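This is what each chain is made of:
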Amino acid sequence: MGSRTPPKAPRTRTRTQEWRRALDTVSRSARHLDALAPATRDRAVDALRAIAILGVVLGHWLVTALVASDGGLHTTSPLQHMPWLAPISWLFQTLAVFFLVGGHVASRSLATARDRGETYGSWLRARLTRLLRPVAALLCLWAVAATVLLLTGTPLATIEALVKLALSPLWFLLVFAALTAATPLLTRLNPLWPLAVVLHVDLLRFGLHSGPSWLGWLNLPAGWLVPYTLGAAWTRGELDSRRAARVLFLGGTAATAVLVGCAGYPASMVGVPGARISNLDPPTLAAVTFGLAQCGLALLLRDRLRRAMARPLLWAAVALVNLSAMTIYLWHQTAMMATTATGLLAGRLPGLHTSPDSLGWVPCRLAWLPVFGLALALCRTAFRHHEQGPRNRRSSVVRRHLPPSKKPRNA
């Protein structure tokens, strides 16, 4: 009689048991993180912040391409070659939602700080420390990287493209930091005032074709003031009704459609290389009205997001993004460029180094997104401590957020 082949069932059962143990570990961690968040916390706010950050990250990865040619790399965009892909920018240009949440959280935090007798200086220092702390690591790494590239004979055009792409997220932080510092002056500002500034600036720029060349940059603070002051209005309770959210959503959508369809504004809500007008650099009236529509939609989704965040796994994912929100935002371009540079060792790879001038580029690019995500996860692991600070400090994601009307001892 021949020897019998040993059955493989035990090994299969062992692997199944390992998967179950891993899933149980993840589930227990998620339930633990869920238990840390107090019942008074509005989880919809954290969900909106996570959606806004991830939207910007995915948008940049989809509409920014580094093409390898002539021994170097240069930046281009699929929107430049395929303008009919502009709706992609409608999905992933979510900065208005981030400013909405930022204005809401900052105004509420300031009211709570005043209630417990904290000075404006200490409040602002705490707000800006976590916001700006991760910047130092990014600047140091890219100063070293640019020096190494220069010494190794990399073309100056390539170095300029890489550094510009890596440091491009900093403009957002500077604007956001300035608005945070001005929060005491903005808590009662009606959003119609900065909206009127944007309207008049665009009327002079595009309607009357008059005024100095720098005039459009007045829209940089004014344009983002609109969603930021909407966030303060949310704190005051002026946007609690669904009617207010519907007015923002429908009014913003209609105004954007008119501006794009009849007034000649670009359909893309992000900048496109070579375009005569950019909706984002600086913000135009169309970008602001589009942001109003986004804010209205975000407010309409609050109840659904609160219900979704009652699930421990979803809440854990949102909490982890919020714990490293600035690290994710600052390093996502570096993660993409590191993947692109490493891929050059294997030659010109489709969707990574090739020109985005045909529809075939799109599925190839989508296939690279998980690789970009893995590279970003490595960057997050390496640099998240710059954002989170000392380990013994409690995270704001699991710390109680007190309503402005209550004293800490009574909450």
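See the structure printed just above.
What you are looking at is a predicted structure, and each value in this text was computed from that prediction instead of being measured.

Calculation notes
- Residues numbered from 1 in each chain as written.
- Predicted model: local features only at pLDDT ≥ 70, side-chain atom pairs only at ≥ 80, totals over all residues.
- Heavy atoms only, no water.
- 1 Å grid on protein atoms, 1.4 Å probe; cavity = no way out; pocket = protein on both sides within 12 Å on 5 of 7 lines; lining within 4 Å.
- Points joined across faces, edges and corners; volume = space filled by probe spheres on them.
- Helix = DSSP H or I, 4+ residues; strand = E, 2+ residues; numbered from the N terminus.
- Nonpolar A, V, L, I, M, F, W, Y, C, P; charged D, E, K, R; others polar.
- Buried < 20%, exposed > 50% of the residue type's maximum accessible area, 1.4 Å probe, protein only.
- Pairing = 2+ DSSP bridges.

Caption draft 1: Representation of the layout of surface pockets within the structure. In this model, the second largest pocket occupies a volume close to 1000 Å³. Contributing to the lining of the second largest pocket are 31 residues, with K164, L165, S168, G271 and D281 lying nearest its centre. Sorting the residues of the lining of the second largest pocket by element identifies α2 (43-63), β2 (72-76), α4 (87-92), α7 (156-167) and α16 (325-343) as the ones contributing at least two each. Classifying every residue of the lining of the second largest pocket gives 16 nonpolar, twelve polar and three charged.

Caption draft 2: How the structure looks around the pairing of strand β1 (residues 65-69). In terms of burial, β1 is largely enclosed, as four of its five residues are buried. Here five bridges tie β1 to β2, and the two strands are oriented antiparallel to one another. From the neighbouring strand, S69 faces β2, where its bridge partner is G72. Turn length for the β1-β2 hairpin, with the two strands adjacent in sequence and antiparallel, is two residues, and the turn residue D70 shows positive phi of about 55°.

Caption draft 3: The arrangement of empty space enclosed by the protein in detail. If you walk through the whole model with that rule in mind, you get one cavity of 30 Å³ or more. If you add up the space inside the largest cavity, you get close to 70 Å³. The wall of the largest cavity is formed by A96, G223, W224, V226, P227, P283, A287, V288, G291 and L292.

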